[in-house]
Amino acid sequence: LKTAFPKFPDPDGGKKLTFKGILLNICQREFEALPSSMAPAQDDTSNLDMGEVEFMRKKRKDRVLANMKLIGHLFLRDLLSARVIGSVIQELTLVDRADMVPEEHIIECAVELIMSIGHTLESIPAGKQALQ
């Protein structure tokens, strides 16, 4: 795609957009919007039965886990640096906040990411530093 569509015109008239830039921006927005809870909002569940509520929760969880896989694949394809991956892992595991324990789905996200890229991350010096 990069060679077929090297740059897209910006609808706002700014500098041209690249496929890589658009993909990374969408991935970053998804990561930043990571929900603190997998439970759907009370407004969304008021007239749903338990099966539908569980389906909505599973759908949200699958989406965040898929984003972690995408982040991992972007790293494996050299579209993300080891430093960025280290920041993602630190944010997920709340390294800077020792007084807090991450929610279960956040830990699952970190595990999903490490499972998909751990071997490659450990094999490069920048990756070893990112895991410390």
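Above this note sits the structure.
Chains are numbered independently. Their residues run from 1 in the order of the written sequence. Note on the predicted model: pLDDT of at least 70 is required for a residue's local features to be given, and 80 or more for side-chain atom pairs to be given and counted; whole-chain, interface and lining totals, by contrast, use all residues. Only hydrogens and water are set aside when side-chain values are computed; all heavy atoms of the structure are taken into account.

Asks: Would you explain the overall build of the protein in this entry?
Replies: Scanning the protein from terminus to terminus reveals 6 helices and 0 strands. Secondary structure elements of the protein, listed N to C terminal, follow the sequence α-α-α-α-α-α. What sets the accessible areas is the Shrake-Rupley method with a 1.4 Å probe; for residues, cover comes only from the shown protein chains. Accessible surface for the protein amounts to roughly 9,500 Å². Of this, 56% is attributable to carbon and sulfur atoms. Secondary structure elements are defined from DSSP: runs of H or I of at least 4 residues count as helices, runs of E of at least 2 residues count as strands, and each element is numbered from the N terminus.

Asks: Where do I start with the nonpolar core in this structure?
Replies: As a rule of thumb, soluble globular proteins bury nonpolar side chains together. Side-chain atoms within 4.5 Å link the members of a nonpolar core, which is a set of buried Ala, Val, Leu, Ile, Met, Phe, Trp, Tyr and Cys residues. Here's how the labels work: a residue is buried when its accessible area is under 20% of the maximum for its type, exposed when over 50%, partly exposed in between, all with a 1.4 Å probe on protein chains only. If you look at the biggest cluster of nonpolar residues, it comprises 22 residues, and the most contacted ones within it are I71, F75, I85, L92, C109 and L121. For this core, the elements supplying multiple residues, two or more each, are helix 1 (19–32), helix 3 (50–76), helix 4 (82–92) and helix 5 (104–122). It only takes one pair of heavy atoms within 4.5 Å for two residues to be counted as in contact. Residues in contact with C109, not counting those within four places in the same chain, are L34, V64, L65, M68 and L92.

Asks: Help me understand the side chain of K61, please; the structure alone is not making it clear to me.
Replies: Residue position: K61 is located in helix 3. Residue contacts for K61: discarding those within four places in its chain leaves M38 and E108.

Asks: Please clarify how unusual backbone geometry should be interpreted in this entry.
Replies: Peptide bonds are trans in most cases, and residues, glycine excluded, mostly fall at negative phi. Residues other than glycine seldom take positive phi values, yet D78 does so here, at roughly 60 degrees. Note that D78 resides in the loop between helix 3 and helix 4.

Asks: Teacher, can you tell me more about the packing of helix 4 against helix 5 here?
Replies: The relative placement of two packed helices is expressed as an angle between their axes plus a distance between the axes. At a minimum axis distance of 10 Å, the contact between helix 4 and helix 5 shows a crossing angle of 150 degrees. With respect to their mutual orientation, helix 4 and helix 5 come out roughly antiparallel. The handedness of the crossing between helix 4 and helix 5 is left-handed. Contact residues: helix 4 offers A82, I85, V88, I89 and L92, while helix 5 offers I106, C109, A110, L113, I114, I117 and L121. Along the lines of polarity and charge, the residues of the contact of helix 4 with helix 5 split into 12 nonpolar, no polar and no charged. Geometry is summarised by axes, namely lines fitted to C-alpha atoms with helices restricted to the contacting stretch, and by angles between N-to-C directions that run from 0 to 180 degrees. Angular relationships are summarised with four words: roughly parallel below 35 degrees, roughly antiparallel beyond 145, roughly perpendicular across 65 to 115, and oblique for the angles in between. Helix crossings get a hand from a simple test, with the near helix turned counterclockwise from the far one by less than a right angle marking a left-handed crossing and a clockwise turn marking a right-handed one. For this classification, the nonpolar set comprises Ala, Val, Leu, Ile, Met, Phe, Trp, Tyr, Cys and Pro, the charged set comprises Asp, Glu, Lys and Arg, and every other residue, Gly included, is treated as polar.

Asks: When you look at the pattern of salt bridges in this model, what are you seeing that I'm missing?
Replies: Oppositely charged side chains may form a pair once their charged atoms are brought near each other. By salt bridge we mean one thing: a side-chain nitrogen of Lys or Arg within 4 Å of a carboxyl oxygen of Asp or Glu. The tally for this structure, following the rule as stated, stands at 4 salt bridges. One salt bridge connects R57 with E54, and the closest N-O pair in it is separated by 2.6 Å. Of this pair, R57 and E54 both sit in helix 3, separated by 3 residues, roughly a single helical turn. Between D62 and K58 there is a salt bridge, and its shortest N-O distance comes to 3.0 Å. Of this pair, D62 and K58 both sit in helix 3, 4 residues apart, which is roughly one turn of the helix.

Asks: Could you clarify how one ought to interpret helix 4 in this entry?
Replies: Along an α-helix, residues three or four positions apart point the same way, because every turn accommodates 3.6 residues. Burial in helix 4 covers these residues: A82, I85, G86, V88, I89 and L92. Within helix 4, the buried residues cover an arc of 160 degrees as seen down the axis, which keeps them to one side. Facing away from the buried side of helix 4, by more than 90 degrees, are the exposed residues R83 and E91. Looking at the buried positions of helix 4, the neighbouring elements they touch are helix 1, helix 3, helix 5 and helix 6 (125–130). Following helix 4 by one or two positions, L94 adopts a phi angle in the positive range, close to 55 degrees. Comment: arc refers to directions from the helix axis out to C-beta atoms.

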